[in-house]
There are 2 protein chains.
Amino acid sequence: MTDRPGYFLRSVTARLLALAFFLFCGALQAQPLASWNDGPSKQQIMKFVADVTTQGSSAFVPAEDRIAVFDNDGTLWSEQPLYFQFVFLLDQLKAAAPKHPEWKDNAAFKALVAKDQKALAAMGMKPVLELLAVANTGMTVAQYEQAIRDWLKTARHPRFERPYTDLVYKPMQELLAYLRSNGFKTFIVSGGGVEFMRVWSAQAYGIPPEQVVGSMVEVKYGVVDGRPALTRLPKIAFVDDGPGKPVGIYRAIGRRPIFAFGNSDGDWQMLQWTAAGEGPRFMGLVHHTDATREYAYDRASKIGKLDKAWDDAVAKGWTVVDMKSEWNKIFAFE
Amino acid sequence: MTDRPGYFLRSVTARLLALAFFLFCGALQAQPLASWNDGPSKQQIMKFVADVTTQGSSAFVPAEDRIAVFDNDGTLWSEQPLYFQFVFLLDQLKAAAPKHPEWKDNAAFKALVAKDQKALAAMGMKPVLELLAVANTGMTVAQYEQAIRDWLKTARHPRFERPYTDLVYKPMQELLAYLRSNGFKTFIVSGGGVEFMRVWSAQAYGIPPEQVVGSMVEVKYGVVDGRPALTRLPKIAFVDDGPGKPVGIYRAIGRRPIFAFGNSDGDWQMLQWTAAGEGPRFMGLVHHTDATREYAYDRASKIGKLDKAWDDAVAKGWTVVDMKSEWNKIFAFE
């Protein structure tokens, strides 16, 4: 046989050996979760991953069922002093306002221009998304994606004076990579507009566009000037927030996650839905406790309010990450 | 260095070598597309795959952009004498009919019970999906998935007298595997109900639930008897057929495929949308030409009508598979 390497290489055993070698090399890579201190959250995460990946263990979960979902705003990147998409939206609305004199009496428009967080929080995402849908109606999806890319290039966060995409959390990037290296498939499930994340999620998080679930407007297919195009319509198709998150997961993923991470009451139902499945489960919340390096807020916050989900997490023993004591680094640029 | 294997294994070079070895072993596996004769379709498929996977070639496409979409009914499995989901639906409706006396005047219900293909084809999928939505309202998604599984276990195709899932096309299973072994990510984009396919797509096609795009009913999240549940509502949320297919692709995948396969006019817009992208493209149609081993139908058929998309394919040089002469095997059980 040794003079027939083709046969050897073709054999199933050899392929499995090569795969095992590749996975083994991966397992030896630099210390995972390096930006996490050796606190309770890191221990709980690593124990869960060890449990579900140990063949023969009663908690073992086959790789194809290792679905992990993450909220975006406040969980994977910052959301203060205003959801970053709202800032984009505001810039878009300002540009479109001359064509929409009727907006001067619109409550959502007035709150956005005034950056009235209290009013915005009270009305929720829907009226704001509706305004955006109207502002961008008639744009093709390609034009809209370009507008997002252009905005991200020049917009700067008011406090950190950096591109918004610099404000992704390094510990969460590490967690995503760690899960994937253990056979998990990682998804974003966000109340934000799906297009707003898809243009940068692969680069920032290693999550491709098709694994981003979010709120959506209606789009329409048509042939415009002989060229097929998808055009945005002034109507919300789906709001992926609160009770919408388990629905969004069902629609886009079609099965229940075993691992879910959020940071606010908008993630509560997603965590509940994840927790209610059979077998081992991991539910986590990022608690914003570091006003020096990032922001400190929870029950009283207008943006990213964490109240009922927190009580539930404490009652049920879910993981609550104390950002200040558990993350030795928050942003890569620190 | 040789006495420090850990360092060696940790190095990037070693990991890349292991990966290359693994991919190389895969490339040497048994002849791909074995059920395809050496006709024009097989040659076009293999040339396209060679072009987009050859690093340095002007047609090279990075692996993360190799998105391939497939219609299901008539493209990956049979659809005659009636879409298989319609047969399931009919059984579901018969079971639910005593609770819905109003159906006796419903055109879609009457056509289904009479298996009136002409009437069903004329009214399209929507009224039928609406009936189904009403029939199954109040079921949880878990109960509904179980009903599909139970039905698939006992239902038999009237001509082949086999489980419907035996009627998947072996050449298309091979094509899916061949694309994946060349770095493609494969999706189903079907006019059928998404749940109907998700329970068996992984086993039949190697396509996991989250890569199945289809028509959907509204579902609602709620806590029922202390347990979170998703319940089906009597309302269509999305029809993923015809012009709905590029919309479904945009919603679920978020970028344009480079490879699309269909078999009927319901796939026309999906093929157009795929063709209209930049760079190399592959558009294919399965043409049902084998009445002996499967079915022969095209322009005049009530189910799976192939007319405008065929003309467009011929005009634009898309691949049209002549099932009779190009597939040496259609079903694995032959």
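Residues numbered from 1 in each chain as written. Chains lettered and ligands numbered in written order. Predicted model: local features only at pLDDT ≥ 70, side-chain atom pairs only at ≥ 80, totals over all residues. Heavy atoms only, no water.

## A word on the overall build of chain A
- Across its full length, chain A carries 15 helices and eight strands.
- On C-alpha atoms alone, chain A measures out to a radius of gyration of 22 Å, which is about the 20 Å that the 2.2 N^0.38 rule sets for 334 residues.
- Taking the principal axes of the C-alpha coordinates as reference, chain A spans close to 80 × 55 × 40 Å.
- Scored against the burial criterion, the 334 residues of chain A give a buried share of 54%.
- Contacts spanning at least 24 positions in sequence make up 66% of the contacts within chain A whose residues lie at least 6 apart.
- In the structure as shown, chain A presents an accessible area of about 14,200 Å², 56% of it carried by carbon and sulfur atoms.
- Of the side chains in chain A, 39 bear a positive and 36 a negative charge, and the two mean positions are spaced by 3 Å. (Helix = DSSP H or I, 4+ residues; strand = E, 2+ residues; numbered from the N terminus. Rg over C-alpha atoms; globule rule 2.2 N^0.38 Å. Buried < 20%, exposed > 50% of the residue type's maximum accessible area, 1.4 Å probe, protein only. Contact = heavy atoms within 4.5 Å. Areas by Shrake-Rupley, 256 points an atom, 1.4 Å probe, with all protein chains shown as cover. Lys, Arg positive; Asp, Glu negative; His and termini not counted. Charge placed at Lys NZ, Arg CZ, Asp CG, Glu CD.)

## Examining the packing of aromatic side chains
Residues and elements named next belong to chain B.
- All told, the structure shown has 56 aromatic pairs over all chains when counted by the stated rule.
- Pairing F48 with F259 gives two aromatic rings, centres 6.0 Å apart and planes at 55°, and the pair type is tilted. Of this pair, F48 sits in helix α3 (residues 40-53) while F259 sits in strand β5 (residues 259-262), and the two are 211 residues apart along the sequence.
- F48 sits in the buried class, given a relative accessible area of 7%. (Phe/Tyr/Trp six-rings, centres within 6.5 Å; stacked < 30°, edge-to-face > 60°.)

## What to know about the pairing of strand β1 (residues 67-70) of chain A
Residues and elements named next belong to chain A.
- Neither face of β1 is open: one carries I67 and V69, the other A68 and F70, and all of them are buried.
- With four bridges joining them, β1 and strand β2 (residues 185-193) adopt parallel strand pairing. Residue A68 lies in a different strand from β2, and its bridge partner there is T186. (Pairing = 2+ DSSP bridges.)

## Looking at the environment of T186 of chain B
Residues and elements named next belong to chain B.
- If you trace the backbone, T186 turns up in strand β2 (residues 185-193).
- Judged by relative accessible area, which is 0%, T186 ranks as buried.
- Non-local contacts of T186, meaning those with residues more than four positions away in its chain, are made with A68, F70, L176, L179, R180, I207 and Q211.
- Engagement of the side chain of T186 in a polar contact is seen with the side chain of R180, the distance being 3.0 Å. (Polar contact = N/O pair within 3.5 Å; in protein donor to acceptor, adjacent residues only side chain to side chain.)

## Description of the pattern of salt bridges
- Counted according to the given criterion, the structure contains 32 salt bridges over all chains.
- Here D312 of chain A and K316 of chain A are joined by a salt bridge, their closest N and O atoms 2.9 Å apart. Of the two residues, D312 of chain A and K316 of chain A are both situated in helix α14 (residues 308-316); the distance of four residues between them amounts to about one turn of the helix.
- Assessed through its relative accessible area of 48%, K316 of chain A is described here as partly exposed.
- Sharing partners across several salt bridges, the network here consists of D65, K185 and R255 of chain A together with E210 of chain B. (Salt bridge = Lys/Arg side-chain N within 4 Å of Asp/Glu carboxyl O.)

## A word on the side chain of Q211 of chain A
- By secondary structure assignment, the location of Q211 of chain A is in the loop between α11 (201-205) and β3 (212-224).
- Since its relative accessible area comes to 8%, Q211 of chain A is described here as buried.
- Of the polar contacts made by the side chain of Q211 of chain A, one reaches the backbone oxygen of T186 of chain A; its length is 2.9 Å.
- Apart from the residues lying within four places of it in its own chain, the contact partners of Q211 of chain A are K185, T186, F187 and I188 of chain A together with K185 of chain B.

## Considerations on the pairing of strand β6 (residues 282-289) of chain A
All names here are of chain A.
- Among the eight residues in β6, seven count as buried, and that is most of the element.
- What joins strand β5 (residues 259-262) to β6 is helix α13 (residues 268-275), and the crossover it makes is right-handed.
- As paired elements, β6 and strand β8 (residues 319-322) share four bridges and run parallel to each other. Its bridge partner being in β8, V286 is matched across the sheet by V321.
- Bridge count between β6 and strand β7 (residues 296-297): two bridges; the pairing is antiparallel. (Right-handed = clockwise from strand over helix to strand, strands pointing away.)

## Concerning the nonpolar core
- In terms of nonpolar packing, the biggest core is built from 166 residues, with L175, F259 and F261 of chain A together with L175, F259 and F261 of chain B touching the most fellow members.
- If we skip the residues at most four places from it in the chain, L175 of chain B touches L33, W36, I45, F70, F259 and F261 of chain B. (Core = buried A, V, L, I, M, F, W, Y, C linked by side-chain atoms within 4.5 Å.)

## What about the environment of D265 of chain A?
- Relative to the helices and strands, D265 of chain A is located in the loop between β5 and α13.
- Spatially, the C-alpha atom of D265 of chain A lies 7.4 Å from that of G304 of chain A, the residues being 39 residues apart in sequence.

## What to know about the environment of K220 of chain B
Residue and element names in this part refer to chain B.
- Tracing the sequence through the fold places K220 in strand β3 (residues 212-224).
- Residue classification places K220 among the exposed positions, given a relative accessible area of 51%.
- For the pair formed by K220 and T231, sequence separation is 11 residues and the distance between their alpha carbons is 5.2 Å.
- Among all residues touching K220, those that are not within four sequence positions of it are A229, L230, T231 and L233.

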